[in-house]
Amino acid sequence: MEDKMKNQQEKSRESDTQRWSEVIVNIVLSLLLVVAVALALSVVERVFESRVAAAKTAGVPVWHAFVGLKTAEAAPLKGYEALLVSTSGGNLTMAPGESKTVSVNFLNIGTAEWLSSGSNFVSVYTYEPKYRTSVFADPSWYKINQPALISEAKVAVKGNGTISLKLKAPTTVGTYKETFALAVEDKAWIPGGQFTITIKVAEQTVSSTSVVPSTSSVSSTTTDGYSATVLLKSIKKTLQVKGGEVVTFTAGIKNSGSQTWNARSIKLPEISTASSVSYVDSSWADSKTAIVKNDSPVVPGAMDLITFKFKAPVKKGNYTVKFAMAADNVDVVTGSEIEIPIEVTSDAPEVKDFPVIVEDTISYIEEPVIRVGVLIVDEETEDQVKITCASDFNLKDGNNSLLAEMKAGEEVEAFYKKGKYWFNRGKGLESTSFFIRFEPVVANAICTVTNFDRRISRNAANADNQFRNILEIHYNVPNDRTWLINELPMEYYLRGLGETSDLSNLEFQKALLTAARTYALYHWERATKHASEFFHVDAYADQVYFGYGQEARTPHITEAVEATRGQVVIHGGATAITPYFSRSDGRTRSWNEVWGGRVPWCVSVSTPHDVGKTLWGHGVGMSASEALAMGKEGTDWQTIIKYFYTGIDLVKRWK
């Protein structure tokens, strides 16, 4: 009996041992399986993360990465690659609805050059996701998902390219991240061309502890803490260009002071008046300001990369154009001065010899109707114009055929494309083979270009998109561009000039406007300078013209225009050319001294009020600063004119 019980106990122990052995084996196998699965998942995770990262870089959908789908779009195009150098707006703070411009600089590290025109131009698109509609889209954008083209016409390999894009903050406060990427149109995304901007949109607050300056103190502008060092220049040697050629220039300016820069601008150091020599480009904010920047502040020690344009003089010769940076309330930041030596190798095609005899005897004529090139219709207005008038107006073509009768306030959209002029008056697109004119029924009524606003596209103080009388959209073949032309009586044109401040001396204003009237009449009589583009004077390169907005802001200029109505400078029975400039250095220059040849009324005269000052401008004809000083001393405008232009007569040409 006992033996039997022992056998049963031994069998039971063997069974328990076997069961425990099986449990231990199962546990070990389970642990091994878990480890194996974990290792496998780790490998899959790394592969997936790598593919997702590659997909994002290439701009393809993430699900492609999950299934391992390859696309041709993911492969970068050989020859195009970029390196981000700097950005002026990595982190921005903006008020709701506020606009700021961000500049981003890239180094071309590929093997192909970048172009801003042609079928494969380089631009920046919205990204992550690509082609998205951004809440920061600004009306100045090239397209709704394509903010801007590369600023430079051409960026060579190892050269620097700049993207300048304006952002307009949404009304909803919060923190946003906006990603963009460089692309070669119809070819590929550029590797290395992505950048992200973090933007905080917040309401602006005014500190309750602000110090109110004492009314007994004298107001002054301090330059303490404002200094700069020019570190980079895109043009280091004498620039060789053709007359009238547009130059793009980039400067890297370091803040070497102790004050942070907020608003900055590049400008001619003195108030510039139009003359035979002008550097003003159509992109300028005004007649003396090449560019205005109000983007991210530049802290001490940081560098501000600024790109702007200017136009080379139209006459062959050697010149030096000077610019300086203004920051906040400091007109010229010490150390920011930029001098660019220029050799103009040939005259601009439209420049002719100046002295021309128009007629032997002077008699009254009808007040001239002058044609002014006011706007190149390009990407600034999305290659079209939208126009309305304060009175009823007629839409006519170049053959004077009536296309439509419009009511005051109604808007017409017009553009030129592929040999035809297209317009939309609210009835769908219509076309004509001839240029289009917008003619108010009421003479000299005001018309507005509703999709052009200098405050938005040029950071100017005023919209200046209103013009008296007729507007005309006209394409020209030689320069392959479309102009908006303003056709109006001469005296109304003079009212819209931005040649001097409304607060300057009245006698000086009369002298300056008489010289300006003579200059305009000279080109109206010749009708050759801009003949290929169908107008007499350029609103930027000849005399700075802002239109009705300037007229409304400057009642004293209008007073000076009316006081000298029809008065022009005559020499030897012909309208004289009357150059003028900003400031002399103690004397003016003769025509021969600067341009060669002999013009008897343009000889050197002394300018005692300008002694010790720096010459600004070509130096021929009337020095604006000396003329202003003469006017303040009580010299009348006729005497001022006859002092600077020797042996001339003042004649009233129209009533």
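Residues numbered from 1 in each chain as written. Predicted model: local features only at pLDDT ≥ 70, side-chain atom pairs only at ≥ 80, totals over all residues. Heavy atoms only, no water.

Asks: Quick question: what am I supposed to make of the overall build of the chain here?
Replies: Each helix and strand in the chain was counted, giving ten helices and 36 strands. Residues counted as buried form 47% of the 655 residues belonging to the chain. Summarising the internal contacts of the chain: among those between residues at least 6 apart in sequence, 71% fall at separations of at least 24. Carbon and sulfur atoms form 53% of the exposed surface of the chain, whose accessible area is close to 31300 Å². (Helix = DSSP H or I, 4+ residues; strand = E, 2+ residues; numbered from the N terminus. Buried < 20%, exposed > 50% of the residue type's maximum accessible area, 1.4 Å probe, protein only. Contact = heavy atoms within 4.5 Å. Areas by Shrake-Rupley, 256 points an atom, 1.4 Å probe, with all protein chains shown as cover.)

Asks: Which parts of the structure should I look at to understand the environment of lysine 267?
Replies: Assignment of secondary structure puts lysine 267 in strand S14 (residues 264-267). With a relative accessible area of 19%, lysine 267 lands in the buried category. Beyond its immediate stretch of four places on either side in the chain, lysine 267 contacts Lys288, Thr289, Ala290, Phe323, Ala324, Ala326 and Asp331.

Asks: Before we go on, may I ask you to explain the pattern of salt bridges in this structure?
Replies: Pairing between side chains of opposite charge can happen when the charged atoms of each approach one another. This structure, assessed with the given rule, holds 26 salt bridges. Residues arginine 132 and glutamate 178 are paired through a salt bridge, measuring 3.1 Å at the closest nitrogen-oxygen approach. Taken together, the residues arginine 132 in the loop between strand S5 (122-127) and strand S6 (148-149) and glutamate 178 in strand S9 (residues 174-184) connect sequence positions 46 residues apart. The class for glutamate 178 is buried, based on a relative accessible area of 5%. Here lysine 613 and aspartate 610 are joined by a salt bridge, their closest N and O atoms 3.8 Å apart. By relative accessible area, lysine 613 is classed as partly exposed at 38%. Exposure remark for aspartate 610: the relative accessible area of 0% places this residue in the buried category. One salt-bridge network, held together by shared partners, links Arg371, Lys396, Arg437, Glu439, Glu472 and Glu487. (Salt bridge = Lys/Arg side-chain N within 4 Å of Asp/Glu carboxyl O.)

Asks: Explain the sheet that holds strand S32 (residues 567-571) here, please?
Replies: One open sheet holds the three strands; their spatial order is S33-S32-S36, and the pairing between them is antiparallel. A single partner strand is all that each edge strand has here, and the edge strands are strand S33 (574-575) and strand S36 (649-652). Two strands pair when backbone bridges link them, and S32 and S33 are joined in this way by two bridges, in the antiparallel orientation. Paired with histidine 571 across the bridge in S33 is alanine 574. Contacts from helix H5 (residues 506-526) reach S32, S33 and S36 within the one sheet, and its direction differs from that of S32 by about 65°. Where helix H10 (residues 637-644) meets the sheet, it contacts S32 and S36, and its direction lies at approximately 130° from that of S36. (Pairing = 2+ DSSP bridges. Axes fitted to C-alpha atoms, helices over the stretch in contact; angles between N-to-C directions.)

Asks: I tried to follow the confidence of the model for the chain on my own but got confused; where do I start?
Replies: Low pLDDT means the predicted coordinates in that region are not meant to be read closely. Looking at the chain, the pLDDT average stands at 82 and 80% of residues meet or exceed 70. Contacts from residues 50-76, a stretch scored under 50 in pLDDT, to residues over four places away or in other chains number 30 contacts. Contacts from residues 271-276, a stretch scored under 50 in pLDDT, to residues over four places away or in other chains number 24 contacts. (pLDDT = per-residue confidence, 0-100.)

Asks: What should I look at first to understand a nonpolar patch on the surface in this one?
Replies: The grouping of Leu231, Leu232 and Met303 at the surface amounts to a nonpolar patch, some 270 Å² of accessible area in total. When you line up the elements, methionine 303 lands in strand S16 (residues 303-311). Residue methionine 303 is classed as partly exposed on the basis of its relative accessible area of 38%. (Patch = residues over 30% accessible without salt bridge, like charges linked within 9 Å, V, L, I, M, F, W, Y side chains within 5 Å.)

Asks: Whenever I open this one, the state of the cysteines confuses me. Can you help?
Replies: Covalently bonding the sulfur atom of one cysteine to the sulfur atom of another cysteine gives a disulfide. With the rule as written, the count across this model stands at one disulfide. Two residues, cysteine 389 and cysteine 447, share a disulfide whose sulfurs are 2.1 Å apart. Across the S-S bond linking cysteine 389 and cysteine 447, the dihedral sits near 95°, which makes this disulfide right-handed. With cysteine 389 in strand S20 (residues 385-389) and cysteine 447 in strand S27 (residues 446-449), this pair connects stretches of sequence that are 58 residues apart. Residue classification places cysteine 447 among the buried residues on the basis of a relative accessible area of 0%. (Disulfide = S-S within 2.5 Å.)

Asks: Would you mind showing me how to read unusual backbone geometry here?
Replies: What is expected of a backbone is that most residues other than glycine have negative phi and most peptide bonds are trans. Even without being a glycine, glutamate 382 presents a positive backbone phi close to 55°. Here glutamate 382 shows up in the loop between strand S19 (369-376) and S20. Residue class for glutamate 382 comes out partly exposed when judged on its relative accessible area of 44%. Its identity as a non-glycine residue notwithstanding, asparagine 400 has a phi of 70°, on the positive side. Of note, asparagine 400 is situated in the loop between strand S21 (393-397) and strand S22 (402-406).

Asks: What's the story with H10 in this structure? I'm lost.
Replies: Turn by turn, an α-helix covers 3.6 residues, leaving residues three or four places apart pointing in a common direction. Of all the positions in H10, only Trp637, Ile640, Ile641 and Phe644 are classed as buried. The buried residues of H10 all sit within an arc of 95° when viewed along its axis, so they share a single face. Looking at where H10 begins, the residue whose side-chain oxygen comes 3.1 Å from the main-chain nitrogen of glutamine 638 is aspartate 636. (Arc of directions from axis to C-beta. Polar contact = N/O pair within 3.5 Å; in protein donor to acceptor, adjacent residues only side chain to side chain.)

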